[in-house]
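Architecture and fold: a report
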Amino acid sequence: MKESEIQRILSAPLVFVQPTSEQKQKELFPDKNDGWFYSFGLASGQEFVGHLPEKDRVFTFRPAKNLIPDLMEIEWIKKSEIDDLGYNTICYTAEGPSEDDKKLYEKVLSPVPEDSSLHPITKIAFKYYKYHPMLERSFHLQWAHWGCRKAKEELLKAHQNLDKLLIRPQNVSVIQKIRKENGKS
């Protein structure tokens, strides 16, 4: 496959992102049972199912509709806990393709620094990356899921605190009994 064709297929804009069916999830990710699964469609017709883990920052994509037959998996791995240092891109291929093909896929999919003339050069200049649309959407989806989980936990705590403030009829009889025992009415 020509480099220009690979570039066209993998660099195409996103046309859809949606939760993956349970069947597709089990079919493509029998080794992963936590996190969230989404289908990503590119304008080129290439489709992937992506796994967004609950805890770490390793995003895994496997082709659902593959226009590049030897591409088996893409992993974007957070370089460090410091958010500004970007992601490593690793592509796994079928046993047949050359190392050059693998490097080409990784080159097309890897985050690249934006034009540094737009930003002053500082110690955090590395944060100005242009990410592949699937990776960028994935970390936004993951943050949204984390936000939903935190909001649910806060809501549960608020309901528990509200429940503690209530006086129920069975509690009233116990309180009245204690008052009578202490000589208060």
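Residues numbered from 1 in each chain as written. Predicted model: local features only at pLDDT ≥ 70, side-chain atom pairs only at ≥ 80, totals over all residues. Heavy atoms only, no water.

**A few points about the overall build of the protein**
For the record, the criterion: We count a stretch as a helix when DSSP gives it H or I for four or more residues in a row; a strand needs E for two or more, and each element gets its number in order from the N terminus. Buried means the residue's accessible area, taken with a 1.4 Å probe over protein chains only, is under 20% of the maximum for its type, while exposed means over 50%, and partly exposed covers the values in between. When checking whether two residues touch, look at their non-hydrogen atoms; a contact exists if any pair is within 4.5 Å. What sets the accessible areas is the Shrake-Rupley method with a 1.4 Å probe; for residues, cover comes only from the shown protein chains.
On a plain count of helices and strands, the protein comes out with five helices and eight strands. Going residue by residue from the N terminus, the α and β elements of the protein occur as α-β-α-β-β-β-β-β-α-β-β-α-α. Burial statistics for the protein: of 185 residues in total, 31% are counted as buried. Looking at the protein alone, contacts between residues at least 24 apart form 43% of all its contacts between residues at least 6 apart. Split by element, the accessible area of the protein, about 12200 Å² in all, is 54% carbon and sulfur.

**Looking at the pattern of salt bridges**
Our working definition: Salt bridge, as applied in this entry: a Lys or Arg side-chain nitrogen positioned within 4 Å of an Asp or Glu carboxyl oxygen.
Evaluated as defined, the whole model comprises six salt bridges. Here the salt bridges share partners, and the residues they tie into one network are Asp31, Arg62 and Glu73.

**With respect to the nonpolar core**
Applicable threshold: The nonpolar core is taken to be a set of buried Ala, Val, Leu, Ile, Met, Phe, Trp, Tyr and Cys residues, with the residues joined through side-chain atoms within 4.5 Å.
With 29 residues, the main nonpolar core has Leu10, Ile74 and Trp76 as its most contacted residues. Going through the elements one at a time, α1 (3-10), β2 (36-42), β3 (47-52), β4 (58-65), β5 (71-78), β6 (87-93), α3 (99-109) and α4 (133-165) are the ones with two or more residues in this core. Per element, the largest residue contribution to this core is five residues, and it comes from α4. Excluding its chain neighbours within four sequence positions, the residues that come into contact with tryptophan 76 are Arg57, Val58, Phe59, Phe61, Tyr87, Asn88, Thr89, Leu109, Pro111, His132, Met134 and Leu135.

**Some details on α1**
This is how the line gets drawn: This arc is built from the directions going out from the helix axis to the C-beta atoms.
Looking at α1, one finds that the buried residues are Ile6, Ile9 and Leu10. Within α1, the buried residues cover an arc of 85° as seen down the axis, which keeps them to one side. Residues of α1 that are buried sit in contact with β2, β3, β5 and α3.

**So, a nonpolar patch on the surface**
Spelled out, the test is: Each patch groups residues whose relative accessible area exceeds 30% and which form no salt bridge, using 9 Å between like charges and 5 Å between nonpolar side chains of Val, Leu, Ile, Met, Phe, Trp and Tyr.
There is a patch of nonpolar side chains on the surface, built from Leu162, Leu165 and Leu166 and spanning about 320 Å² of accessible area. As for its position among the elements, leucine 165 is in helix α4. On the accessibility criterion, leucine 165 (69% relative accessible area) is exposed.

**A word on the side chain of serine 44**
Using the following cut-off: Any pair of N or O atoms that falls within 3.5 Å is considered a polar contact. Within protein, one atom must be able to donate a hydrogen and the other to accept it, and sequence-neighbouring residues count only if both atoms are side-chain atoms.
Tracing the sequence through the fold places serine 44 in the loop between β2 and β3. In this structure the side chain of serine 44 is engaged in a polar contact, spanning 3.5 Å, whose partner is the backbone nitrogen of glutamine 46. Setting aside its immediate chain neighbours within four residues, serine 44 contacts Arg8, Ile9, Ala12 and Leu67.

**Details of the packing of α1 against α3**
Note the cut-off: Each axis is a line fitted through C-alpha atoms, and for a helix only the stretch in contact is used; angles between axes span 0 to 180 degrees, taken between their N-to-C directions. Oblique is the label for every angle not falling under 35 degrees (roughly parallel), over 145 degrees (roughly antiparallel), or within 65 to 115 degrees (roughly perpendicular). Crossing handedness is read from the near helix: turned anticlockwise from the far helix by less than a right angle, it gives a left-handed crossing, and turned clockwise, a right-handed one. All amino acids are sorted into three groups, where Ala, Val, Leu, Ile, Met, Phe, Trp, Tyr, Cys and Pro are nonpolar, Asp, Glu, Lys and Arg are charged, and the leftover types, Gly among them, are polar.
Put simply, α1 and α3 touch, their axes get as near as 10 Å, and they point 40° apart. In terms of axis orientation, α1 runs oblique to α3. Relative to α3, the crossing made by α1 is right-handed. Residue-level inspection shows Glu3, Ile6, Gln7 and Leu10 of α1 in contact with α3, the latter providing Leu104, Tyr105, Lys107, Val108 and Leu109. For the contact of α1 with α3, the per-class residue count stands at six nonpolar, one polar and two charged.

**Regarding the pairing of β5**
Worth spelling out the cut-off: For two strands to be treated as a pair, DSSP must find no fewer than two bridges joining them.
A large share of β5 lies buried, amounting to six of its eight residues. Hairpin connection from β4 to β5: five residues lie between these consecutive antiparallel strands.

**Considering the layout of surface pockets**
Basically, it comes down to this: Space inside and on the surface of the protein is sampled on a 1 Å grid over the protein atoms alone, with a cavity defined as a set of points where a 1.4 Å probe fits but cannot get out and a pocket as an open set with protein on both sides within 12 Å along at least 5 of 7 lines; lining residues have an atom within 4 Å of a point. Grid points are joined across faces, edges and corners, and a volume is the space filled by probe spheres set on the points.
In this model, the largest pocket occupies a volume close to 200 Å³. Around the largest pocket, the lining residues are Gln7, Ser11, Lys107, Val108, Ser110, Val112, Lys130, Tyr131, His132 and Pro133. A per-class count over the lining of the largest pocket returns four nonpolar, four polar and two charged.

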